[in-house]
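Residues per chain are reported as follows:
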Amino acid sequence: MIRLYDSVHGVVRDLPMREPGRLSIYSCGPTVYSLPHLGHGRQTLVWDVVRRWSTFRGLDVHFVSNITDIDDKIIARALDQGTSTSDVVARYESEWWEAMTALGAAMPDDIPHATDWVPQMISLIESFVEDGVAYQTSDGVYFDVSRVTDYGLLAGQPLDSLRAGARVEANDEKRSPLDFVLWKNAKPGEPSWPAPFGEGRPGWHTECVVMSLGLLGDGFDLHVGGLDLKFPHHENERAQAVAANRPFAQHWGHHGWVMVDQMKMSSSLGNFTSLTDLLGRTDPRAYRLLVLRSHYRSPIEVTTETIADAERALARLDTLARRFELPSLAGATLEVGSNYRWEGEALDLYDRVATNLDDDLNTPPAVAQLFEAVGLANTLADRGATSEAQSFAEAVNVLFASMGLALHASDDALDPLSADLVARRDAARSAKDWVGADKLRDELVEHGWVVEDSAAGTFIRRP
RNA sequence: GGCGGCGUGGCCGAGUGGUUAGGCAGGGGCCUGCAAAGCCCCGUACUCCGGUUCGAAUCCGGACGCCGCCUCCA
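For clarity, every value in this text was computed on a predicted model and none was experimentally measured.

Reading the values: the criteria
The residue numbering used here restarts from 1 in each chain and proceeds along that chain's sequence as written. Ligands are numbered from 1 and chains lettered from A, in the order in which they are written. Residue-level local features of this predicted model are given only where pLDDT is at least 70; pairs of side-chain atoms are given and counted only at 80 or more, and the full residue set underlies all totals for whole chains, interfaces and linings. Remark: hydrogens and water are excluded; side-chain values derive from all non-hydrogen atoms of the structure. A pair is scored as a salt bridge if a Lys or Arg side-chain nitrogen falls within 4 Å of a carboxyl oxygen belonging to Asp or Glu. In this description a helix means any DSSP run of H or I spanning at least four residues, a strand means any run of E spanning at least two, and both kinds are numbered starting from the N terminus. Only protein chains enter the accessibility calculation, which uses a 1.4 Å probe; a residue is then buried when its area is under 20% of its type maximum, exposed when over 50%, and partly exposed in between. The criterion for an aromatic pair is that two Phe, Tyr or Trp rings (for Trp, the six-membered ring) have centres within 6.5 Å, with stacked assigned to planes under 30 degrees apart, edge-to-face to planes over 60 apart and tilted to the rest. In what follows, residue pairs with any heavy atoms lying within 4.5 Å of each other are defined as contacts. Polar contact is the term for a pair of N or O atoms within 3.5 Å; when the atoms are in protein, one must be able to donate a hydrogen and the other to accept it, and sequence-neighboring residues count only if both atoms are side-chain atoms. Angles run from 0 to 180 degrees between N-to-C directions of axes, and those axes are lines fitted to C-alpha atoms, restricted for helices to the stretch in contact. To sort the angles, those under 35 degrees are grouped as roughly parallel, those over 145 as roughly antiparallel, those from 65 to 115 as roughly perpendicular, and the leftovers as oblique. What makes a crossing left-handed is the near helix being turned counterclockwise from the far one by less than a right angle; a clockwise turn instead makes it right-handed. For this classification, Asp, Glu, Lys and Arg are treated as charged, while Ala, Val, Leu, Ile, Met, Phe, Trp, Tyr, Cys and Pro are nonpolar and the rest, including Gly, are polar. A pair of strands counts as paired when DSSP detects no fewer than two bridges linking them. Summary of the distance rule: residues count as near a molecule or strand when at least one heavy atom falls within 4 Å of that molecule or strand. Where each domain begins and ends is defined by an automated method or by a domain database. To form a nonpolar core, buried Ala, Val, Leu, Ile, Met, Phe, Trp, Tyr and Cys residues must be joined to one another through side-chain atoms within 4.5 Å.

**A word on the pattern of salt bridges**
Then, in step 1: The tally for this structure, following the rule as stated, stands at 29 salt bridges.
Then, in step 2: One salt bridge connects D60 with R22, and the closest N-O pair in it is separated by 3.3 Å. Note that D60 is positioned in strand β4 (residues 60-65) and R22 in strand β3 (residues 22-27), a separation of 38 residues in sequence.
Then, in step 3: Judged by its relative accessible area of 38%, R22 is partly exposed.
Then, in step 4: R57 is paired through a salt bridge with D358; the nearest N and O atoms lie 2.5 Å apart. One end of the pair, R57, is in the loop between α1 (38-56) and β4; the other, D358, is in helix α11 (residues 344-358), with 301 residues separating them in the sequence.
Then, in step 5: A single network of salt bridges, built from pairs that share partners, joins D72, K184, E190 and R201.

Shown next as structure tokens:
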């Protein structure tokens, strides 16, 4: 049974399942107005791993993640760039999926776009207005948080306590500073939809509650996102569901930050590194490994050093893949554990990894177990226990794939020049012309190859 | 002010009342023509101060430091 920390109750508990064997997950997606940053990458990776592991364990996972394609920031960006909001959305949504695909994240089963759900949002808001849960001001429609008795559940604080800490806002038409906008009246020239309460656009909190319930239904299983979404975004989603008398997410999961110089990386601080940049200069799998090596709820520091560290660790795994000629798994494919024959030591390894991953996605010890297994496979092979070593290495490969990490045996194509250098080096070595062989090796290294000799001859690969 | 999290060896990062995390880097050795990769061996850490205990990095209390949420934010 897979257990996960529930942010509302503050305990690790069994993942709920409305229908046994089927797991529904909603992950708050991006507002597409700029390039994704490292934090977005972590979110995608963490929940991709949850999804993959659940699938590996035999669950039928329905994974939904939205695109917020209407928002103040998108409008501002369009004005800024002198283009339309649809151009901004098209560009940054495509950047988003390109980056997420590069990270090895499987595409969500459903990708709702906010602008496709406006009628449903309008009718929800309309019902709130009718019930007196929402009220109109000169700039839009607001939700009255005092109408939800347990408002503050996700924040872990009662309404009064939250109110005490709220900053003073310019808008004095709001009954409480905590009241949040459901519908924003459009200013001239802004994208808008007609509604009984005026031309305008939906508020962010309304988008997610409508799309999650719309696609996953009442009482869906798991709602996830970054810790900063816990309050107020998730609180406000939930408040609307409560006000609408609809059972909402049964379990909440929140992942930790990406830090920069010990400070939270965030759009508002401007201290973020774009994921697109990172992926352009490093192996995306190194970022996944870096994420897997720390617990998903802990903050992680992503620096040139920690990425380089992960790349070197990854090289050890790829070396295993080369040595045992392991197929490259994962990628877009979600592996299913029952498709593999688990027996003997491999089964034992699977059990140990599973025990950790089932326990609140405890990836660090799982990864540690797998690295130990790498060493064991190599040791066994060095001692001539080939078949034991092979099955162990294969188990390692499959278990990394269960977390979406694909091991790559080198399959670098040799250009004619390099192939010639290799042939000449083989000849020099068999003639015991060590000076000539060393010179040819230097040339290969200059061409960017790593050179490895074996009894079978010279083997080259990219670093 | 309210609520929450964190402080581990050179670095990253788990764990937990007594016995190896793991990776990276570093040192020694094996293998190799020399390398690379791999293998073997080595570092002996847990912010500080009290307390509980036969025994605490691990539990309790306190101090210090750092971070986050309460405002858009993964």
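Having seen the structure, we can now continue with the description.
**Considering the packing of aromatic side chains**
Then, in step 1: Tallying each qualifying case throughout the model produces 14 aromatic pairs.
Then, in step 2: Ring centres of F56 and Y350 lie 5.8 Å apart, and the angle between their planes is 80 degrees; on these two criteria the pair is classed as edge-to-face. Taken together, the residues span a long stretch of sequence, with F56 in helix α1 and Y350 in helix α11 at a distance of 294 residues. In this pair, the class of F56 matches that of Y350, namely buried.
Then, in step 3: Ring geometry for F220 and F248: centres 5.3 Å apart, planes at 80 degrees, overall edge-to-face. On the criterion of sequence distance, the pair formed by F220 in the loop between α6 (204-216) and β9 (222-226) and F248 in the loop between α7 (227-243) and β10 (251-255) is long-range, its members being 28 residues apart. Per residue, the accessibility class of F220 equals that of F248, and both read buried.

**A short note on unusual backbone geometry**
Then, in step 1: Omega for the bond connecting F231 with P232 falls within 30 degrees of zero, at 5 degrees, which places this linkage in the cis form.
Then, in step 2: Secondary-structure assignment places P232 in helix α7.
Then, in step 3: The phi torsion at N245 lies on the positive side, around 60 degrees, for a residue other than glycine.
Then, in step 4: Here N245 is to be found in the loop between α7 and β10.
Then, in step 5: With a phi angle near 55 degrees, D360 is a residue other than glycine that sits in the positive phi range.

**Topic: the environment of R57**
Then, in step 1: Note on R57: relative accessible area 34%, which makes it partly exposed.
Then, in step 2: Counting along the chain gives 279 residues from R57 to V336, while the straight-line C-alpha distance between them is 6.7 Å.
Then, in step 3: When neighbours within four sequence positions are excluded, R57 is seen to be in contact with I2, Y350, A354 and D358.
Then, in step 4: Reaching out from R57, the side chain makes a polar contact with the side chain of D358 at a distance of 2.5 Å.

**Description of the packing of α6 against α7**
Helices that pack against each other are described as a pair by the angle of their axes relative to one another and the distance between those axes.
Then, in step 1: Relative orientation of the contacting elements α6 and α7 amounts to 60 degrees, with a least axis distance of 9 Å. Considered as vectors, α6 and α7 are oriented oblique to each other. Relative to α7, α6 is oriented so that their crossing is right-handed. Within the contact between the two elements, α6 uses W204, H205, T206, C208, V209, S212 and L213 and α7 uses L229, P232, H233, N236, E237, Q240 and A241.
Then, in step 2: Residues belonging to the contact of α6 with α7 are distributed by class as follows: seven nonpolar, six polar and one charged.

**Some details on the sheet that holds strand β7 (residues 180-185)**
Then, in step 1: Taken together, the four strands give an open sheet; going across it, the order is β5-β6-β7-β8, and neighbouring strands pair in antiparallel fashion. Each having just a single partner strand, β5 (134-137) and β8 (200-202) make up the two edges of the open sheet. The average undirected angle you get between the axes of adjacent strands in this sheet is 25 degrees.
Then, in step 2: Here four bridges tie strand β6 (residues 140-143) to β7, and the two strands are oriented antiparallel to one another.

**Quick look at the protein's contact with RNA strand B**
Then, in step 1: As a structural note, the neighbourhood of RNA strand B is formed by 63 residues, with R167, W204, L229, M265 and R441 the closest of them.
Then, in step 2: The sugar-phosphate portion of RNA strand B accounts for 63% of its atoms within 4 Å of the protein, the bases making up the rest.
Then, in step 3: One nitrogen or oxygen atom from the side chain of W257 is found 3.4 Å from a sugar or linking oxygen belonging to RNA strand B.
Then, in step 4: For the surface near RNA strand B, the leading source of residues is helix α12 (residues 363-382), giving nine residues.
Then, in step 5: Each residue belonging to the surface near RNA strand B can be placed in one class, and the counts come to 20 nonpolar, 25 polar and 18 charged.

**Things to note about the domain arrangement of chain A**
Then, in step 1: If you check the domain split of chain A, you get domain 1 (3-264), domain 2 (282-402) and domain 3 (416-461).
Then, in step 2: Computed from C-alpha atoms alone, the centre-to-centre distance between domain 2 and domain 3 is 31 Å.

**Observations regarding the nonpolar core**
Then, in step 1: If you look at the biggest cluster of nonpolar residues, it comprises 86 residues, and the most contacted ones within it are L275, Y287, L317, L320 and F400.
Then, in step 2: With nine residues, helix α13 (residues 386-402) is the largest single contributor of residues to this core.
Then, in step 3: Formed jointly, this core draws a minimum of three residues from each of two domains, domain 1 (3-264) and domain 2 (282-402).
Then, in step 4: Sequence-distant contacts of Y287, defined by excluding residues within four places in its chain, comprise L38, G39, G41, R42, L45, L103, V258, L275, L278, I300, V302 and I307.
Then, in step 5: Listed in part, the 43 residues of the second largest apolar core include I125, W183, F197 and A249.

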